[in-house]
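Chain by chain, the residues:
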2 protein chains.
Amino acid sequence: MTAANNAISIERSLNKKTKPAQDQLGFGIYFTDHMFVMDYSVEREWHNPRITPYQPIVLDPAAKVFHYGQTIFEGLKAYKTEDGGIQLFRPRDNFARMNRSNDRMSVPELDIDVAIAALEQLIAVDQDWIPDLPGTSLYIRPFVIATQATLGVSPSENYQFIIIMSPVGAYYPEGINPVKIHVESHYVRAVVGGVGEAKTAGNYAAALKSQQAAKEEGYTQVLWLDGTQHKYIEEVGSMNVFFKINGTVVTPALNGSILAGITRNSVIQLLKHWDVPVEERVLSIEELYEAGRNGTLEEAFGTGTAAVISPIGEMNWNGEKLVISEGVTGQLSKSIYDTLTGIQTGAVADPFGWVKKVEVSEG
Amino acid sequence: MTAANNAISIERSLNKKTKPAQDQLGFGIYFTDHMFVMDYSVEREWHNPRITPYQPIVLDPAAKVFHYGQTIFEGLKAYKTEDGGIQLFRPRDNFARMNRSNDRMSVPELDIDVAIAALEQLIAVDQDWIPDLPGTSLYIRPFVIATQATLGVSPSENYQFIIIMSPVGAYYPEGINPVKIHVESHYVRAVVGGVGEAKTAGNYAAALKSQQAAKEEGYTQVLWLDGTQHKYIEEVGSMNVFFKINGTVVTPALNGSILAGITRNSVIQLLKHWDVPVEERVLSIEELYEAGRNGTLEEAFGTGTAAVISPIGEMNWNGEKLVISEGVTGQLSKSIYDTLTGIQTGAVADPFGWVKKVEVSEG
Ligand SMILES: Cc1ncc(COP(=O)(O)O)c(C=O)c1O
Ligand SMILES: Cc1ncc(COP(=O)(O)O)c(C=O)c1O
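None of these values were measured; they are calculated from a predicted model.

S.K.: What's the story with the overall build of chain A in this structure? I'm lost.
M.R.: A tally of regular secondary structure across chain A gives nine helices and 19 strands. On C-alpha atoms alone, chain A measures out to a radius of gyration of 21 Å, which is about the 21 Å that the 2.2 N^0.38 rule sets for 363 residues. For chain A, the C-alpha atoms occupy an extent of roughly 65 × 55 × 35 Å along the three principal directions. Per-residue burial over chain A gives 61% buried out of 363 residues. Expressed as a percentage of contacts within chain A between residues at least 6 apart in sequence, the contacts between residues at least 24 apart total 71%. Charge-centre separation for chain A: the mean point of 30 positive side chains lies 2 Å from the mean point of 43 negative side chains.

S.K.: What should I look at first to understand the site of ligand 2 in this one?
M.R.: Residue and element names in this part refer to chain B. Taken together, the neighbourhood of ligand 2 is formed by 16 residues, with Lys199, Tyr204, Glu235, Thr263 and Thr305 sitting nearest. Within the side chain of Arg97, one N or O atom sits 2.8 Å away from an oxygen atom of ligand 2. Within the contact set of ligand 2, an oxygen atom lies 2.4 Å away from a side-chain nitrogen or oxygen of Tyr204. Per-class residue counts for the shell around ligand 2 are four nonpolar, eight polar and four charged.

S.K.: What is the right way to read the pattern of salt bridges from this model?
M.R.: Pairs can form between side chains of opposite charge once their charged atoms are near each other. All names here are of chain A. Taken as a whole and judged by the stated rule, the model has 30 salt bridges over all chains. In this structure, the salt-bridge partner of Glu235 is Arg189, at a minimum N-O distance of 2.9 Å. Taken as a pair, Glu235 in strand β12 (residues 233–236) and Arg189 in the loop between β10 (179–184) and α5 (201–205) lie far apart in primary sequence, 46 residues in all. Given a relative accessible area of 3%, Glu235 falls into the buried group.

S.K.: How do you make sense of the site of ligand 1 when you look at a structure like this?
M.R.: All names here are of chain A. Close to ligand 1 lie 16 residues, the nearest being Lys199, Tyr204, Glu235, Thr263 and Thr305. Between ligand 1 and Glu235, the relevant distance is 2.5 Å, taken from a nitrogen atom to a side-chain nitrogen or oxygen of the residue. Take Thr305: an N or O atom from its side chain is 2.6 Å from an oxygen atom of ligand 1. Those elements that place two or more of their residues in the shell around ligand 1 are α7 (262–273) and β16 (297–304). Split into classes, the residues belonging to the shell around ligand 1 amount to four nonpolar, eight polar and four charged.

S.K.: I'm lost on the relation of the copies chain A and chain B in this one. Help?
M.R.: For the pair of chain copies, the relating transformation is a rotation about an axis with a translation along it. With an RMSD of 0.0 Å, the operation that places chain A on chain B is a rotation of 180° combined with a shift of 0.0 Å along the axis. Read as a symmetry element, the transformation amounts to a two-fold axis. Both copies share a contact surface, since 100% of the interface residues of chain A are interface residues in chain B too.

S.K.: Can you walk me through the interface of chain A and chain B in this structure?
M.R.: At the interface, 58 residues of chain A touch 58 residues of chain B. Surface buried jointly by chain A and chain B totals about 4900 Å² across both partners, of which 64% is contributed by carbon and sulfur atoms. The largest share of the area that chain A buries against chain B comes from Phe66, Leu151 and Val153 of chain A, three residues that together contribute 14% of it. Run the count over chain A and chain B and you get two salt bridges. With a shortest N-O distance of 3.1 Å, Asp103 of chain A and Lys209 of chain B are connected by a salt bridge. Every element with two or more residues in the side of chain A that touches chain B is listed here: β4 (57–59), α2 (64–68), β5 (71–73), α3 (91–104), β8 (137–146), α5 and α6 (208–216) of chain A. Looking at the side of chain A that touches chain B, its residues break down into 35 nonpolar, 18 polar and five charged. Pairing of β4 of chain A with strand β4 (residues 57–59) of chain B involves three bridges; the strand directions are antiparallel. Of the residues in β4 of chain B, the one forming a bridge with Val58 of chain A is Val58 of chain B.

S.K.: Would you mind going over unusual backbone geometry with me for this structure?
M.R.: What is expected of a backbone is that most residues other than glycine have negative phi and most peptide bonds are trans. Positioned with a positive phi, Asn318 of chain A is a non-glycine residue whose angle comes to about 50°. Structurally, the position occupied by Asn318 of chain A is in the loop between β17 (308–317) and β18 (320–323).

S.K.: I would appreciate a short explanation of the side chain of Arg50 of chain B in the present structure.
M.R.: Residues and elements named next belong to chain B. In this fold, Arg50 is placed in strand β3 (residues 45–53). Take Arg50: its relative accessible area is 17%, and that puts it in the buried class. There is a polar contact of 2.9 Å between the side chain of Arg50 and the side chain of Asp39. Within the local environment of Arg50, its side chain forms a polar contact with the backbone oxygen of Asn48, the two atoms lying 2.9 Å apart.

S.K.: Even after reading the chapter, I still don't get the environment of Lys356 of chain A, so can you show me in this structure?
M.R.: Residues and elements named next belong to chain A. Mapped onto the secondary structure, Lys356 falls in strand β19 (residues 355–357). Lys356 sits 278 residues away from Ala78 along the chain, and the two C-alpha atoms are 9.4 Å apart. Setting aside anything within four residues of it in sequence, one finds Lys356 in contact with Ile86, Gln87, Leu88, Pro91, Ile116 and Glu120. Polar contacts involving the side chain of Lys356 include one to the side chain of Glu120, which spans 2.9 Å.

S.K.: I keep staring at the confidence of the model for chain A and nothing clicks. Help me out?
M.R.: Close reading of the predicted structure is inappropriate where its pLDDT is low. Residues of chain A with pLDDT of at least 70 account for 97%, and the chain-wide mean is 95. The ipTM assigned to the predicted complex is 0.97, against a pTM of 0.97.

Conventions and cut-offs
Residues numbered from 1 in each chain as written. Chains lettered and ligands numbered in written order. Predicted model: local features only at pLDDT ≥ 70, side-chain atom pairs only at ≥ 80, totals over all residues. Heavy atoms only, no water. Helix = DSSP H or I, 4+ residues; strand = E, 2+ residues; numbered from the N terminus. Rg over C-alpha atoms; globule rule 2.2 N^0.38 Å. Buried < 20%, exposed > 50% of the residue type's maximum accessible area, 1.4 Å probe, protein only. Contact = heavy atoms within 4.5 Å. Lys, Arg positive; Asp, Glu negative; His and termini not counted. Charge placed at Lys NZ, Arg CZ, Asp CG, Glu CD. Near = heavy atom within 4 Å. Polar contact = N/O pair within 3.5 Å; in protein donor to acceptor, adjacent residues only side chain to side chain. Nonpolar A, V, L, I, M, F, W, Y, C, P; charged D, E, K, R; others polar. Salt bridge = Lys/Arg side-chain N within 4 Å of Asp/Glu carboxyl O. Least-squares fit on C-alpha atoms with pLDDT ≥ 70 in both. Buried area = accessible area lost by both parts, 1.4 Å probe. Pairing = 2+ DSSP bridges. pLDDT = per-residue confidence, 0-100.

Structure representation (structure tokens):
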């Protein structure tokens, strides 16, 4: 992109929405007054970056996103700090991962600096939308969709990169209270060589059926096992998983079929910083259950941008139930949650360089 | 649906498009003047079936289809017969498969009779669009997209069922001439327990990267191996595959990770009708190559609605090339192609009950 068409145009909404009450936000239900959009064509590459009023996307019914699922997304959050500032958590890592997803899904690369600049300007325009009640934040959803209107399986020649934002409360109704997890031994989310490592829409659609079945039996989420042997622990819904076994924290290694979570990486860094032993390795469901049976499984939790830390209080694998940490939030889970959310909201110092302040001079 | 809201409303286009030349149709590039749309909500289920001018779909940027890929589709064809009639090929089988895809992707079931009635009315309205040049047809694309505008991974509460139609020529530029196929031994399309059996968008996006790499080396398509061991033959791009080995035709059995192609099923029935031995079974790439090396691999072809029969003239597996049937279209492949397209266009009698005539009294 040349400097000229790099400039972001801004069209302000003349019809501001009423903001929802901060204690009733839910997750991903309300959206701010504006959105960011940028187009891609083979000839012009990424062009026409613009902030517009939040509005419908208008697509030909033959647009490839509907038929061949060529789409990727990200999820990150902005927080209000105590002194009224605004900060993002590791945005560069999200856009770097977005480009890894783009590569896997044959979507053209995005300039990370352009994406971050776009996001910061969008946040500046919609800064009034960032909630400040404890536990709330502004959830940010960048995504790319394939818009070329021809049928036939091939990479699209046209795309839109869009950012929408939603003020959110807790992702799970349970909040920081433990969730119950169903271990899936029939359905598979992803397999090595597939697209499990990419944040692409199809991975989530593939999970729905199993998730619905688990919900009907009272479980909040599904724990996926590997697609080849149904033996090794992968991840949960939209969270990576950690288990404290006999004083050591274990999380499945990045094997190509699970998402490289940014919260996951933050937790690993934090544990190392605290000198808590942490291992990224292959972990079988049998080993985990054995630890549960012999009393060495001390804590379990999921990690993800939406829920931050979500303690796991109970698991069910082929009918065998495992109650973890007596079904209450473990000590370490709580410390990680407090520290991470503290850093995210500016209440706790950030020795890792994770936080990025957002300038909002223009608002 | 009650009888009242079952009635399809028709809004005719006042702005008819110019039709493309029949010898320059390509595939999925031009669309007819009208489309069919029906809505779903939890309260009203499927409702408001309507034929409208072909027009853009307008969706909230948070619509679940963009983020979580909850979408399914079908592909079938209508043909002009010599006497000016119109016929569909096995439409009930396509809509039955659509419902199997719906079930896997947690999309609400469709009434097959309603879907077929909708399609027939749409064809009647756009009957002038069905080309009659040999090798051409009207490609029909029914699809369902999740439209609920909330983020959070759960089945949508709203959907649209849409049918669009495109007059088409050959799917591959090669037509009935043999294509070259790259055997993929690194990337994986689908695995048992996943969604490979469903006709859902994410399966196709997952294939793009491998397909692009193959294209760059001069191969038209990719042959997928199983996701667990990378040993057993699955299918090609959007085709099932058949191999004639020592007089017997072998095709991979439906194992849960490949699509149950309707052309595949038709070919099997046709071969049985002809008393040609046909086997649905596990077939390893090693066994196939061994047959190629020792001269017993006589023919290979892909089957699918788009290409009908596409002979395979060459394969490449980890650098080892296999030329099949001297790179020309085999005798059996040609007979199957002629018979199937003959039945589809009404030139050959249909002893199988595959063809469905379309009434076009109103046009
Ligand atoms: C499949 C999957 N795993 C894990 C995560 C956690 O990743 P992160 O910590 O970057 O939010 C997410 C959510 O982004 C996800 O969708
Ligand atoms: C993945 C895949 N396999 C096979 C086929 C062939 O199926 P059919 O013969 O029903 O068109 C298709 C096309 O529909 C497909 O998309």
